[in-house]
Amino acid sequence: MTSEFRTETAGSAKADSAAGDSATDGNAPDDSSAGDRSDPQRAAGAIATEIVELLLPSAPVRWRQLRVAFSVTVAAVTADAVFLVGEDEPLLVEVPSAAAELARALRLVTVAPETDAWWHVTIAHDHAGGTECEYGYGDRPFPPARLLPAAAYRADLEQFPRARLPVWLAARLAVDDDRHHLPDVLTRARLDRHPPATPAAFLEPATAWARWALVAAAAVAIRTEWGPRILGSAAVFEATNGGGSTLALLPGGRAVLSGGVWNAPELETAYNDGLPLPKFYAGVPDWLDIPALNHRARTGQLSFCYWWDGTAWSCGQSPAPTAVGAAIPGLWTPATVTDIVCGVLGESASRAAVTDLMAAVESGWVTHDMVTAAFDTDEDTDIAGAWTQLAVAGLTR
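Predicted, not measured: the structure shown is a model, and the values here were computed from it.

### Some details on the pattern of salt bridges
Taken as a whole, this structure holds twelve salt bridges when the rule is applied. Two residues, Arg104 and Glu101, come together in a salt bridge whose shortest N-O distance is 3.5 Å. Highlighted residues: Arg104 and Glu101, both in helix α3 (residues 97-110), separated by three residues, approximately one helical turn. In this structure, Arg211 engages Glu362 in a salt bridge whose closest nitrogen and oxygen atoms are separated by 2.4 Å. Placement of Arg211 in helix α7 (residues 205-221) and of Glu362 in helix α10 (residues 351-363) is noted, with a sequence separation of 151 residues between them. In this structure Arg211 comes out as buried when scored by relative accessible area, which is 7%. Linked through salt bridges whose partners overlap, the residues forming this network are Arg164, Glu268 and Asp273.

Structure below.
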């Protein structure tokens with residue numbers, strides 16, 4: 001039950017542009033913008049080249065790659081662009097509104113009849129002149145910065161209908177329609193105690209918290225934007241596959257573990273086939289409220305919720321914790337955690353030092369020397385950040 005996370009490249013940097021700040025209207029560009037439609041590949045290449053040429057005047061000295069990304073529907077377009085310069089920080093640049101209109105044209109020539117339309121495209125242009133386009137059809141959730149309003153997707157689906165929607169979008173539309181208003185769902189669950197809560201098998205919160213903190217320290221040490229983090233009294237995890245979870249520690253020795261698997265089959269069938277959603281909050285105690293829940297509870301993407309009353313875990317109609325491992329860091333055993341941390345740190349990691357740190361984390365007695373021994377693998381490792389994660393978790397002495 002392990003979950004991997006990776007470092008995002010600099011090309012994922014975001015920039016608010018004129019095109020991104022204000023959604024353009026739903027008017028499609030005229031056919032002259034789309035090139036020769038009899039050869040879609042050539043037309044797409046010509047349009048991508050036009051977009052690149054609009055941005056090249058903003059290029060800095062010694063740039064090596066331009067990456068521009070568009071989120072597109074018939075009702076709205078947003079965009080961001082970045083130039084990569086050696087090892088320096090990426091330079092964010094404004095995307096002209098004309099480029100947004102060209103992105104519409106690019107979509108028109110690349111969507112074949114009777115096929116799904118893409119909602120996202122990234123154009124990568126290197127200094128040598130090579131240009132590539134990568135299209136996103138929404139099979140996996142887009143990052144929050146890439147999302148458009150629900151109304152924009154609803155309008156797009158009217159023109160480009162789909163037999164089945166990805167879970168993230170179906171949930172987004174359902175929540176927008178107030179079909180799954182979270183406060184109402186929780187209120188009904190508290191009033192209706194049927195079915196009752198059932199026992200769930202998971203680690204004790206203190207153990208899960210300590211192991212979560214160590215994997216979080218490793219993620220911070222290698223400076224990845226993904227993976228687990230300790231944020232005050234909550235441990236959070238965001239996987240690169242769209243899943244994630246939150247372990248919230250509450251007063252009175254209570255805890256809540258909740259989150260979602262990006263492709264949860266029970267959500268897919270509920271949203272696309274009209275079947276009832278599982279009663280994730282069946283038997284929920286009065287002390288469990290919205291602030292303790294993972295953010296997916298607010299967007300209709302929650303697929304599990306467990307609560308610890310001080311002595312045992314319980315849940316409503318959630319799958320067993322072993323079935324949602326893709327949305328939880330690998331925590332089951334000290335060896336699991338040690339394997340993950342060593343894998344994150346790379347070949348230069350000292351397994352003996354990580355094993356010692358693992359034991360110290362579980363005892364709540366971590367020293368700075370232990371952290372340095374485990375995480376000092378190269379000059380770029382953020383040892384101070386790793387130490388801070390463990391300190392915030394309350395595990396350092």
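### Things to note about the sheet that holds strand β1 (residues 65-72)
If you trace the five strands from one edge of the open sheet to the other, you get β3-β2-β1-β4-β5, paired in antiparallel fashion. The outermost strands of the open sheet, each flanked by one partner alone, are β3 (91-93) and β5 (131-136). Averaged over all neighbouring strand pairs, the angle between strand axes comes to 20°, with direction disregarded. Here β1 pairs with strand β2 (residues 77-84) via eight bridges, running antiparallel. By the bridge assignment for β2, Val68 is matched with Ala81. Sitting on the sheet, helix α2 (residues 40-55) touches β1, β2, β3, β4 (120-126) and β5, and the angle it makes with β1 is about 115°. In the packing of α3 onto the sheet, the strands contacted are β1, β2, β4 and β5, and the crossing angle to β1 comes to about 75°.

### Topic: the side chain of His125
Following the sequence through the fold, His125 ends up in strand β4. Side-chain polar atoms of His125 contact the backbone oxygen of Gly130, separated by 3.5 Å. Not counting residues up to four positions away in its chain, the partners in contact with His125 are Val52, Leu56, Trp63, Gln65, Leu66, Gly130 and Thr131.

### Here's the deal with the pairing of β2
Counting buried residues in β2 gives eight out of eight residues, a clear majority hidden from the surface. Burial of the side chains of β2 extends over both faces: Val77, Ala79, Ala81 and Phe83 are buried on one face and Thr78, Asp80, Val82 and Leu84 on the other. Hairpin connection between β1 and β2: a loop of four residues separates the two successive antiparallel strands. Pairing geometry for β2 and β3, over three bridges, is antiparallel. Bridge pairing links Val82 to Leu92 in β3. Between β2 and β3, which follow one another and run antiparallel, lie six residues, and Gly86 among them has a positive phi close to 50°.

Thresholds, definitions, all that
Per-chain numbering applies: the sequence of each chain, read as written, is numbered from 1 onward. Where local features are concerned, this predicted model is filtered to residues with pLDDT of at least 70; where side-chain atom pairs are given and counted, the filter is 80 or more; whole-chain, interface and lining totals use all residues. With hydrogens and water stripped out, all remaining heavy atoms of the structure feed into the side-chain values. A side-chain nitrogen of Lys or Arg and a carboxyl oxygen of Asp or Glu constitute a salt bridge if their distance falls within 4 Å. Here a strand is any run of E in DSSP of at least two residues, a helix any run of H or I of at least four, and the numbering for each starts at the N terminus. Only protein chains enter the calculation, and the probe is 1.4 Å; a residue is then buried if its accessible area is under 20% of its type maximum, exposed if over 50%, and partly exposed in between. DSSP-based pairing: two strands are paired if at least 2 bridges between them are found. In this description, a line fitted to the C-alpha atoms serves as the axis of each element, helices being fitted only across the stretch in contact, and the angle between N-to-C directions of two axes falls anywhere from 0 to 180 degrees. Any pair of residues with heavy atoms lying within 4.5 Å of one another is described as a contacting pair. In protein, a polar contact means a hydrogen-donor-capable atom and an acceptor-capable atom, both N or O and within 3.5 Å, with residues adjacent in sequence counting only if both atoms are side-chain atoms; elsewhere, any N or O pair within 3.5 Å suffices.

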